[in-house]
Amino acid sequence: VQLVESGGGLVQAGGSLRLSCAASGRTFSMYAMGWFRQAPGKEREFVAAIKSGGSTYYADSVKGRFTISRDNAKNTVYLQMNSLKPEDTAVYYCAADFSHALHRSPTWYDYWGQGTQVTVSS
């Protein structure tokens, strides 16, 4: 499985960005997908996850501001980020979880993308 993120960039606080993660390889619709982020000097943290059927799970810090979705026909998962804050600045990674469940621990995820930088200025 190969995962390629896109859509990162520089945005002012209060703005929006939409991240995409295109998957290739094994059947995309069979597994759960997650988004994580890692800021400089910090551990990688869970952001959101989505099951193959569409059930979602969010970190408290992004609930109500971020929305995860997927298009199985396009083998793509998205992260719509609204009301961005400077503390959302990080490298954002998508990951695939073949257990089909929703997990917040990165140890459950089998494949990772290379990451895309999101910078929110104040």
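Keep in mind that what you see is a predicted model, and the values were worked out from it rather than measured.

**Student:** Teacher, can you tell me more about the overall build of the protein chain here?
**Tutor:** Looking only at helices and strands, the protein chain has zero helices and 11 strands in total. Its C-alpha atoms give the protein chain a radius of gyration of 13 Å, near enough to 14 Å, the size a compact globule of 122 residues would have. In terms of its C-alpha atoms, the protein chain occupies a principal-axis envelope of roughly 40 × 25 × 25 Å. Relative to its 122 residues, the protein chain shows a buried fraction of 42%. Within the protein chain, one finds 12 positive and 9 negative side-chain charges whose respective centroids are separated by 4 Å.

**Student:** What am I meant to see in the pattern of salt bridges here?
**Tutor:** Side chains that differ in sign of charge can pair as their charged atoms come close. By the definition in use, this model includes four salt bridges. A salt bridge links Arg 37 to Glu 45; its shortest N-O distance comes to 2.6 Å. Its relative accessible area of 5% is what places Arg 37 among the buried residues. Under the relative-accessibility criterion, Glu 45 is labelled partly exposed at 35%. Residue Asp 60 pairs with Lys 63 through a salt bridge whose shortest N-O separation is 3.2 Å. An identical accessibility class is assigned to Asp 60 and Lys 63; each is exposed. In this structure, a network of salt bridges that share partners links the residues Arg 37, Glu 45, Arg 65 and Asp 88.

**Student:** Where do I start with the sheet that holds strand E7 (residues 66-71) in this structure?
**Tutor:** Adjacent strands of a sheet pair through backbone hydrogen bonds, lying either parallel or antiparallel. Sheet architecture is open: four strands sit in the order E1-E3-E8-E7, paired in antiparallel fashion. Each edge of the sheet is formed by a strand with only one pairing partner; in this case those strands are strand E1 (2-6) and E7. Neighbouring strand axes in the sheet, compared pairwise and without regard to direction, differ in orientation by 15° on average. Summarising the sheet, E1 and strand E3 (residues 17-24) pair through five bridges and their orientation is antiparallel. By the bridge assignment for E3, Ser 6 is matched with Ser 20.

**Student:** What's the story with the pairing of E7 in this structure? I'm lost.
**Tutor:** Only one face of E7 is covered, namely the face carrying Phe 66, Ile 68 and Arg 70; the face carrying Thr 67, Ser 69 and Asp 71 is uncovered. For E7 and strand E8 (residues 76-81), the ladder comprises six bridges, and the chain directions are antiparallel. Bridge pairing in E8 places Phe 66 opposite Met 81. Joining the antiparallel neighbours E7 and E8 is a turn of four residues, in which Asn 75 adopts a positive phi near 55°.

**Student:** Can you help me understand the nonpolar core in this one?
**Tutor:** Generally speaking, soluble globular proteins have nonpolar side chains that are buried together. In this structure, Met 33, Trp 35, Leu 79, Met 81 and Tyr 92 are the most contacted members of the largest nonpolar core, which totals 34 residues. The set of elements that each furnish at least two residues to this core consists of E3, strand E4 (32-38), strand E5 (45-50), E7, E8, strand E9 (90-97) and strand E11 (116-121). If we skip the residues at most four places from it in the chain, Leu 79 touches Leu 17, Arg 18, Leu 19, Trp 35, Val 47, Ala 48, Phe 66, Thr 67, Ile 68 and Tyr 92.

Rules used throughout
Each chain carries its own residue numbering, running from 1 in the direction its sequence is written. Since the coordinates come from a predicted model, pLDDT governs what is reported: local features require at least 70, and pairs of side-chain atoms require 80 or more to be given and counted, while whole-chain, interface and lining totals use all residues. In computing side-chain values, all of the structure's heavy atoms are included and hydrogens and water are not. Here a strand is any run of E in DSSP of at least two residues, a helix any run of H or I of at least four, and the numbering for each starts at the N terminus. Just to be clear, the radius of gyration here is over C-alpha atoms, and the globule rule we use is 2.2 Å times residues to the power 0.38. Burial classes: relative accessible area under 20% of the type maximum marks a residue as buried, over 50% as exposed, and values in between as partly exposed (1.4 Å probe, protein chains only). Positive residues here are Lys and Arg, negative ones are Asp and Glu, while His and the chain termini are left out of the count. Think of each charge as sitting on NZ of Lys, CZ of Arg, CG of Asp or CD of Glu. Salt bridges, as used here, are contacts in which a Lys or Arg side-chain nitrogen is within 4 Å of a carboxyl oxygen on Asp or Glu. A pair of strands counts as paired when DSSP detects no fewer than two bridges linking them. Fitted lines through C-alpha atoms give the axes, limited to the stretch in contact for helices. The angle between two N-to-C directions lies from 0 to 180 degrees. Residues belong to a common nonpolar core when they are buried Ala, Val, Leu, Ile, Met, Phe, Trp, Tyr or Cys residues joined through side-chain atoms within 4.5 Å. It only takes one pair of heavy atoms within 4.5 Å for two residues to be counted as in contact.

None of the figures reported here should be taken as evidence of function without further support.
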